[in-house]
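Read off the chains here:
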6 protein chains.
Amino acid sequence: PALTHLDAAGHAHMVDVSAKAATRRKAVATGAIIMQPQTLEMILSGAAPKGDVLATARIAGIMAAKKTADIIPLCHPLSLSSVTVDLAPNDNRIEITATVTTTGATGVEMEALTAVSAAALTLYDMCKAVDRGMQIENIKLFHKSGGRSGDYNAA
Amino acid sequence: PALTHLDAAGHAHMVDVSAKAATRRKAVATGAIIMQPQTLEMILSGAAPKGDVLATARIAGIMAAKKTADIIPLCHPLSLSSVTVDLAPNDNRIEITATVTTTGATGVEMEALTAVSAAALTLYDMCKAVDRGMQIENIKLFHKSGGRSGDYNAA
Amino acid sequence: PALTHLDAAGHAHMVDVSAKAATRRKAVATGAIIMQPQTLEMILSGAAPKGDVLATARIAGIMAAKKTADIIPLCHPLSLSSVTVDLAPNDNRIEITATVTTTGATGVEMEALTAVSAAALTLYDMCKAVDRGMQIENIKLFHKSGGRSGDYNAA
Amino acid sequence: PALTHLDAAGHAHMVDVSAKAATRRKAVATGAIIMQPQTLEMILSGAAPKGDVLATARIAGIMAAKKTADIIPLCHPLSLSSVTVDLAPNDNRIEITATVTTTGATGVEMEALTAVSAAALTLYDMCKAVDRGMQIENIKLFHKSGGRSGDYNAA
Amino acid sequence: PALTHLDAAGHAHMVDVSAKAATRRKAVATGAIIMQPQTLEMILSGAAPKGDVLATARIAGIMAAKKTADIIPLCHPLSLSSVTVDLAPNDNRIEITATVTTTGATGVEMEALTAVSAAALTLYDMCKAVDRGMQIENIKLFHKSGGRSGDYNAA
Amino acid sequence: PALTHLDAAGHAHMVDVSAKAATRRKAVATGAIIMQPQTLEMILSGAAPKGDVLATARIAGIMAAKKTADIIPLCHPLSLSSVTVDLAPNDNRIEITATVTTTGATGVEMEALTAVSAAALTLYDMCKAVDRGMQIENIKLFHKSGGRSGDYNAA
């Protein structure tokens, strides 16, 4: 195995996917943002219970999935069939799950991982005035299906 | 304290910073991507020792810092005085540090955190063909100075 | 019927179109910007009769159609086969018609409506120094064809 | 008076604002989207009362305000101090008000008008599956203050 | 002298301009696209004499100037006071001149050069169906003033 | 032959490609940036021999190829199968070659030409502190294949 994003001289390029079939593909990525329990309480209560904070993070994740090829230099631009961002508040954290599907020649792992990252950053932004010590943790590919390389599930 | 990004009705808005002075501000964010030692070995050796992989991730981080207000819904657009992304390969991980400065009315925490996230995602992208189990960990604000709220250093 | 852009919990998501066939689709949207007759006169006469004002608005509309998925949070990114923006000056107004076609899994209503909106905003921008009271009116879907839901024509 | 966005030859250009002072400026724009009363009912009731539909439109308006210089060809890029998008559901319509402030050399009318347009388009997008006949109406500048040309209030 | 965009280790970074004063700066860049005389004839005659082809290229140049920091990785984002793109058709070529001004901490050479490049590319695009052999030539900085390094004029 | 990007009235539009088959297409564009030999020496030697300068320019070219439809007003947005940017330092210049492939309804000449332009501009940016007189020369289409109009090779 080699790093496919480098050519024989070690130079970055966007790899050729023209020989790959356009098949239905799916990727699920997960991650979390850890915060003070009081911060989470503040998000979940108040004037807009579970309101605009979570909605804004969901929208940020969905929109970032569409910008993936603009953020990640060697990513192929591609159409997306669906994007879902789920936020599960839990004690001292919000667990983030992004699910992306496409019918195309490349997988959508990067789109799912980018959606999780943007949702986490947005939650940080919205709560940073009360909790600067939040941490974004454990962003990873959880599941991948479709394409020649077969299914993948995180251990 | 309250969530400043929500108004009294709980609706998201971009908070008014017109009363804040334009001062010199700095933020440092850190994070890491964990990988198989062999994956790191592959990045550091070969045709382009420490070559385009790390350079591409640095560029991705710098460019993402400039896109922060486009990725994070309630972030203020602002000029940046400098952006640096440092990558420190170490055993089974690459530690990422982004430093951003501005002279402006708002801090640049989100720019630094976004740069770290984009660099990490780019490293994932470039190595995913050989190591799908990589994880992005511990993205947080490490240091912040300038502005009315005083200095901050991660515990 | 339900709001398809919300899931069962009421959360926004980008709906799954992977089961929809890629067919030829067309959408026509219309709208107008109302202005003082003297403002319209100024656009149509002078050094560049019907010149750069209308050309700039046409270009703005076409380029905005391509940015639709970046402006409308839950819109699917898609390729466009053609975009036309027609401007018909008339007495105290400029009527705007945008026609967009694609071969894809989703309709292009939003692209056509976005093109009309951007052309209208651009006309406002170019003439605001002489006429701040201009109004953008009656932006709507005029015609839609292709796709499972059949043809639509405005009443 | 002349169209300032055209030079003496009638060619479009971005006008020189370097002689204008950076002062505090504010603009308020308004507009509405007209819909079937049942459509509005659907937005306001259900699983997410007043939930993600309105939040998504607010976010879209705020983000579009930041993209104004990218959508309107001759607009100056500028920093924004605040952006607020208010949505007032009312019988057969949602009234949209966007308020934008800056400290800069140019006004923010176009940012406010663009925010209203994007919020309206997003509401159309989210409800189009149940009501294709919605119309966007009466987008105009409602108030403007700051800058050399003095205050403006819609008649 | 050294390459300021690299740090001591040779790594790319966005250089720190926070110590530089915000002064009025100007840059003029020039270039040309060479074509068959018949191609130029086609642009200048016909239904829209000197019409939308030149207007479209001017708009493309102006809009690209605003996107410079998004296209050139280490460019600082900055506000622009004015952008002008002049097109001078001449025999077998169109000479392109872009003039950009700002009041800021960095020069606007890259914005002017990017405007020339985008205008040239747009002319290529609009005429490529009749003349694939066009060439873009001699893009360079023609004049620069403002800032600590003094005036520059091309030899 | 006529300028396809204008309609019968001379107005710019995005031409309809819905009748064109989605075939495999390739375009190669070339160009060069001319500089002082000492400038080239500085790029090739030093702390990062052939390091981040060339890598940054490659990345800029690849990312710009993906932004082509956002930079060139009448370009169709399309997926790209591969993008490669090669930089050949040589005496007093760096020769730039960009190769782009797609499976789509339109050619990718503009993507290849845009990649060359952005790589050249980035090299200018990174070296301008030591050599303001650099010139970008001879950007042209070198090869094109696929599509109805047959192969093209520069004379």
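Bear in mind that the values here come from a model prediction, so they are computed numbers and not experimental data.

Conventions and cut-offs
Each residue is numbered by its place in its chain's sequence as written, counting from 1. Note on labels: chains are lettered from A, ligands numbered from 1, in written order. Two thresholds apply to this predicted model, a pLDDT of at least 70 for residue-level local features and 80 or more for giving and counting side-chain atom pairs, whereas whole-chain, interface and lining totals are computed over all residues. Side-chain numbers here rest on the full set of heavy atoms in the structure, without hydrogens or water. Helix numbering and strand numbering both begin at the N terminus, where a helix is a DSSP run of H or I of at least 4 residues and a strand a DSSP run of E of at least 2. Relative accessibility decides the category of a residue: with a 1.4 Å probe and only protein chains considered, values under 20% of the type maximum give buried, values over 50% give exposed, and everything between is partly exposed. The criterion used for residue contact is that any of the two residues' heavy atoms lie within 4.5 Å. Method for areas: the Shrake-Rupley scheme with a 1.4 Å probe, in which residue coverage is limited to the protein chains shown. Every angle, taken between N-to-C directions, lies between 0 and 180 degrees, and every axis is a line fitted to C-alpha atoms, over only the stretch in contact when it is a helix. Helix crossings get a hand from a simple test, with the near helix turned counterclockwise from the far one by less than a right angle marking a left-handed crossing and a clockwise turn marking a right-handed one. Under the scheme applied here, ten amino acids are nonpolar (Ala, Val, Leu, Ile, Met, Phe, Trp, Tyr, Cys and Pro), four are charged (Asp, Glu, Lys and Arg), and all others, including Gly, are polar. Least-squares superposition aligns the copies on the C-alpha atoms of those residues with pLDDT at or above 70 in both. Note on definitions: salt bridges are taken to be side-chain nitrogens of Lys or Arg within 4 Å of carboxyl oxygens of Asp or Glu. Within 3.5 Å is the distance limit for a polar contact, defined as a pair of N or O atoms, with the added protein rule that one can donate a hydrogen and the other accept it, and that residues adjacent in sequence qualify only through two side-chain atoms. Per-residue confidence from the predictor is reported as pLDDT, which spans 0 to 100. When DSSP finds two or more bridges between two strands, those strands count as paired. By disulfide we mean two sulfur atoms from cysteines, separated by a distance within 2.5 Å. Two parts placed together each lose some accessible area under a 1.4 Å probe, and adding up what both lose gives the buried area.

Participant: Explain the overall build of chain A here, please?
Facilitator: If you tally the helices and strands in chain A, you get four helices and five strands. Overall size of chain A, expressed as C-alpha extent along the three principal axes, is 55 × 30 × 30 Å. Across the 155 residues of chain A, 65% fall into the buried class. Within chain A, residue pairs in contact and separated by at least 24 positions form 69% of the contacts whose partners lie at least 6 positions apart. Roughly 5100 Å² of accessible area belongs to chain A as shown, and the carbon and sulfur atoms make up 51% of that amount.

Participant: Explain the packing of helix α2 (residues 52–66) of chain B against helix α4 (residues 109–127) of chain B to me, please; I cannot follow it from the model alone.
Facilitator: A packed helix pair is summarised by two numbers, namely the angle formed by the two axes and the spacing between the axes. Residue and element names in this part refer to chain B. With their axes 7 Å apart at the nearest point, α2 and α4 run at an angle of 145 degrees to one another. The handedness of the crossing between α2 and α4 is right-handed. Touching D52, V53, L54, T56, A57, A60, G61, A64 and A65 of α2 are E111, T114, A115, A118, A119, T122, L123 and M126, all from α4. Each residue belonging to the contact of α2 with α4 can be placed in one class, and the counts come to eleven nonpolar, four polar and two charged.

Participant: Any chance you could explain the relation of the copies chain B and chain A here in plain terms?
Facilitator: Each of the two chain copies goes to the other by way of a rotation about an axis and a shift along it. Once turned by 180 degrees and shifted 0.0 Å along the axis, chain B lies on chain A with an RMSD of 0.0 Å. Such a turn and shift between the copies fits a two-fold axis. Nearest to the rotation axis, the C-alpha of E137(B) is located 2.3 Å from it, this being the minimum over chain B. Looking at the interface residues of chain B, 100% of them are also at the interface in chain A, so both copies use one shared face.

Participant: Hey, could you run me through the relation of the copies chain D and chain E in this one?
Facilitator: For the pair chain D and chain E, the best superposition has an RMSD of 0.0 Å and corresponds to a rotation of 120 degrees with a translation of 0.0 Å parallel to the axis. The two molecules are tied by a three-fold rotation axis, judged by turn and shift.

Participant: Explain unusual backbone geometry here, please?
Facilitator: Residue and element names in this part refer to chain C. Despite not being glycine, D91 has its phi angle at roughly 65 degrees, a positive value. Tracing the sequence through the fold places D91 in the loop between β2 (82–90) and β3 (93–104). Look at D91 and you get exposed, because its relative accessible area is 58%.

Participant: Would you mind going over the environment of A118(C) with me for this structure?
Facilitator: Note that A118(C) resides in helix α4 (residues 109–127). The class for A118(C) is buried, based on a relative accessible area of 2%. C-alpha separation for the pair A118(C) and Q135(C), spaced 17 residues apart in sequence, amounts to 14 Å. Contact partners of A118(C), with chain neighbours within four places excluded, come to A60(C), G61(C), A64(C) and I71(D).

Participant: Honestly, the arrangement of the chains in this entry has me stumped. Any pointers?
Facilitator: For chain B and chain C, which are not in contact, the least C-alpha distance works out to 10 Å. Of all C-alpha pairs spanning chain D and chain F, none lies closer than 10 Å, and the two are not in contact.

Participant: Sorry if this is basic, but what is going on with the pattern of salt bridges here?
Facilitator: Side chains carrying opposite charge are able to pair once their charged atoms draw close together. Applying the stated criterion across every chain yields a total of 42 salt bridges over all chains. In this structure, R24(C) and D16(F) form a salt bridge, with 3.7 Å as the shortest nitrogen-oxygen distance. Here D16(F) lies in the segment before β1 (23–34) and R24(C) lies in strand β1 (residues 23–34), a pairing that spans two chains. The exposure class assigned to D16(F) is partly exposed, which follows from its relative accessible area of 42%. Through salt bridges with shared partners, a single ionic network connects K67(A), D70(B), D70(C) and K67(D).

Participant: Sorry if this is basic, but what is going on with the side chain of H5(D) here?
Facilitator: Take H5(D): it is sitting in the segment before β1 (23–34). Among the polar contacts made by the side chain of H5(D), one reaches the side chain of T4(D) at a distance of 3.3 Å.

Participant: In this structure, what is going on with the confidence of the model for chain A? I would like to understand it.
Facilitator: For residues with low pLDDT, the predicted coordinates do not support detailed interpretation. Of all residues in chain A, 95% attain a pLDDT of 70 or more, and the chain-wide mean is 92. Among the scores for the predicted complex, ipTM is 0.96 and pTM is 0.96.

Participant: Would you take a moment to explain the pairing of strand β2 (residues 82–90) of chain E for this structure?
Facilitator: Put simply, side chains in a regular strand alternate between the two faces of the sheet. Residues and elements named next belong to chain E. Pairing analysis gives nine bridges linking β2 to strand β3 (residues 93–104), with the strands arranged antiparallel. Bridged to L87 within β3 is I96. Between β2 and β3, which follow one another and run antiparallel, lie two residues, and D91 among them has a positive phi close to 65 degrees.

Participant: So what exactly am I meant to see when it comes to the state of the cysteines here?
Facilitator: A covalent bond between the sulfur atoms of two cysteines is what we call a disulfide. Using the criterion set out here, one finds zero disulfides over all chains in the structure. With no disulfide of its own, C127(C) lies 13 Å from the sulfur of C75(D), the closest cysteine sulfur.

Participant: Just to check I follow, could you spell out the interface of chain D and chain E for this structure?
Facilitator: Accessible area lost when the parts come together is the quantity often used to give the size of an interface. Contacts between the two partners involve 18 residues from chain D and, on the opposite side, 16 residues from chain E. Across the chain D to chain E interface the summed buried area is about 1300 Å²; carbon plus sulfur atoms make up 54%. As a salt-bridge pair, K67(E) and D70(D) come within 2.9 Å of each other at their nearest N and O atoms. The interface formed by chain D and chain E includes nine residue pairs in polar contact (both at pLDDT 80 or more). Each residue belonging to the side of chain D that touches chain E can be placed in one class, and the counts come to twelve nonpolar, four polar and two charged.

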